[in-house]
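One-letter residues, chain by chain:
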Amino acid sequence: TQLLEQSPQFLSIQEGENLTVYCNSSSVFSSLQWYRQEPGEGPVLLVTVVTGGEVKKLKRLTFQFGDARKDSSLHITAAQPGDTGLYLCAGAASGYSTLTFGKGTMLLVSP
Amino acid sequence: KAGVTQTPRYLIKTRGQQVTLSCSPISGHRSVSWYQQTPGQGLQFLFEYFSETQRNKGNFPGRFSGRQFSNSRSEMNVSTLELGDSALYLCASSLSLAGKAYEQYFGPGTRLTVT
């Protein structure tokens, strides 16, 4: 059974601050995805990383896949209130057609 | 392309009743997965359908069932509702082929409240 642990579970910061959230596992994943979910809505895909050590940038968001493909991080620079939401990571293991989701990090950015 | 749609968006039911939720995937997507989301447990996988066949199943009791139609639309049914079934039920579609997980595209969910 693949498990993904996300930390921290909850993060409350002021606008303009930087932050990093983590997604860790003891299992190897062939790819890892990050989603953001706003209250009352479904998760929206932000990015997919597939190569160990890969770094992808999406405006102020930087995603990194660990060299061993067991962990990932999401760094947000100069957070804005619009970044508020639940950030979920999801891993795809080789040979499986389903994703394993972490429980998420709830981010609250105050003006 | 139109996104994933789910109906209804909100539902209130009484213990012991049954409920049917509907999901229409993105055009061309043949895989439909269902998830239950609660504050305590997070996103939990219910089942996945591909080409009208259940391909994967999560660890939920038999009260939870689903099906997929030839046009890839899917329904899930929960019988004999319990208070603990109150949750956001999410449907996701993907291009998933056998043995490979692709990105999931989620609908807005159905908020089920059991009283």
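Residues numbered from 1 in each chain as written. Chains lettered and ligands numbered in written order. Predicted model: local features only at pLDDT ≥ 70, side-chain atom pairs only at ≥ 80, totals over all residues. Heavy atoms only, no water.

Draft legend 1. How the structure looks around the nonpolar core. Membership of the largest hydrophobic core comes to 23 residues, with the highest contact counts inside it found for Leu19(A), Leu32(A), Trp34(A), Leu74(A), Ile76(A) and Leu107(A). Judged by nonpolar contacts, the second largest core, of 21 residues, contains Val19(B), Leu46(B), Tyr49(B) and Val78(B). (Core = buried A, V, L, I, M, F, W, Y, C linked by side-chain atoms within 4.5 Å. Buried < 20%, exposed > 50% of the residue type's maximum accessible area, 1.4 Å probe, protein only.)

Draft legend 2. Quick peek at the side chain of Gln33(A). Inspection of the secondary structure assignment puts Gln33(A) in strand 4 (residues 31-37). The buried category is assigned to Gln33(A), whose relative accessible area is 1%. Beyond its immediate sequence surroundings of up to four residues, Gln33(A) is in contact with Leu45(A), Val47(A), Thr48(A), Leu88(A), Cys89(A), Ala90(A), Leu99(A), Tyr102(B), Glu103(B) and Gln104(B). (Helix = DSSP H or I, 4+ residues; strand = E, 2+ residues; numbered from the N terminus. Contact = heavy atoms within 4.5 Å.)

Draft legend 3. Focus on the packing of aromatic side chains. Under the definition given, this model contains nine aromatic pairs over all chains. A ring pair is formed by Tyr35(A) and Phe101(A), whose centres lie 5.6 Å apart and whose planes are at 45 degrees; its orientation type is tilted. In this pair, Tyr35(A) sits in strand 4 while Phe101(A) sits in strand 10 (residues 99-101), placing the two residues 66 residues apart along the sequence. Given the relative accessible area of 10%, Phe101(A) is considered buried. Summarising the aromatic geometry, the rings of Tyr35(B) and Phe106(B) are spaced 5.6 Å apart at their centres and angled 45 degrees between planes, so their arrangement reads as tilted. Of this pair, Tyr35(B) sits in strand 4 (residues 31-38) while Phe106(B) sits in strand 10 (residues 105-106), and the two are 71 residues apart along the sequence. An identical accessibility class is assigned to Tyr35(B) and Phe106(B); each is buried. If you follow Arg55(B) out to its NZ or CZ, it ends over the ring of Phe50(B), 4.3 Å from the centre. (Phe/Tyr/Trp six-rings, centres within 6.5 Å; stacked < 30°, edge-to-face > 60°. Lys NZ or Arg CZ within 6 Å of the ring centre and 35° of its normal.)

Draft legend 4. Local environment of the sheet that holds strand 7 (residues 64-68) of chain B. Residues and elements named next belong to chain B. Overall, antiparallel pairing links the four strands, which are arranged 1-3-8-7 in an open sheet. One side of each edge strand has no neighbouring strand; the edge strands of this open sheet are strand 1 (5-7) and strand 7. Averaged over all pairs of adjacent strands, the angle between their axes in this sheet comes to 20 degrees, without regard to strand direction. (Pairing = 2+ DSSP bridges. Axes fitted to C-alpha atoms, helices over the stretch in contact; angles between N-to-C directions.)

Draft legend 5. Region of the structure containing the pattern of salt bridges. Residue and element names in this part refer to chain B. Considering all chains together, one arrives at eight salt bridges over all chains under this definition. Across the salt bridge formed by Glu82 and Arg63, the nearest N and O atoms sit 3.6 Å from each other. Taken together, the positions of Glu82 in the loop between strand 8 (74-78) and strand 9 (87-94) and Arg63 in the loop between strand 6 (53-57) and strand 7 put the pair 19 residues apart, joining distant regions of the chain. According to the relative accessible area criterion, Arg63 is buried, its value standing at 17%. Salt-bridge contacts for Glu75 lead to Arg73; the nearest nitrogen and oxygen are separated by 3.4 Å. Taken together, the shared-partner salt bridges in this structure form one network comprising Arg63, Glu82 and Asp85. (Salt bridge = Lys/Arg side-chain N within 4 Å of Asp/Glu carboxyl O.)

Draft legend 6. Spotlight on the state of the cysteines. For the coordinates displayed, the defined rule picks out two disulfides over all chains. A sulfur-sulfur distance of 2.0 Å marks the disulfide that ties Cys23(A) to Cys89(A). Between Cys23(A) and Cys89(A), the S-S dihedral sits near 80 degrees, and the bridge is therefore right-handed. Taken as a pair, Cys23(A) in strand 3 (residues 19-24) and Cys89(A) in strand 9 (residues 85-92) lie far apart in primary sequence, 66 residues in all. Of the two residues, Cys23(A) and Cys89(A), neither departs from the other in class, the shared state being buried. Through a disulfide, Cys23(B) is tied to Cys91(B); the S-S separation comes to 1.7 Å. Between Cys23(B) and Cys91(B) the disulfide shows an S-S torsion of about -50 degrees. By sign, it is left-handed. (Disulfide = S-S within 2.5 Å.)

Draft legend 7. Highlighting the side chain of Glu54(A). Tracing the backbone through its elements, the reader meets Glu54(A) in the loop between strand 5 (44-49) and strand 6 (55-58). Aside from chain neighbours lying at most four places away, what touches Glu54(A) is Thr48(A), Val49(A), Phe63(A), Gln64(A) and Phe65(A).

Draft legend 8. Quick peek at the interface of chain A and chain B. Residue-level contacts link 19 residues of chain A with 24 residues of chain B. Buried area between chain A and chain B, summed over both chains or domains, comes out near 1600 Å², and the portion from carbon and sulfur atoms is 54%. At the junction of chain A with chain B, the criterion picks out one salt bridge. The salt bridge partner of Arg9(B) is Glu41(A), with a shortest N-O separation of 3.9 Å. (Buried area = accessible area lost by both parts, 1.4 Å probe.)

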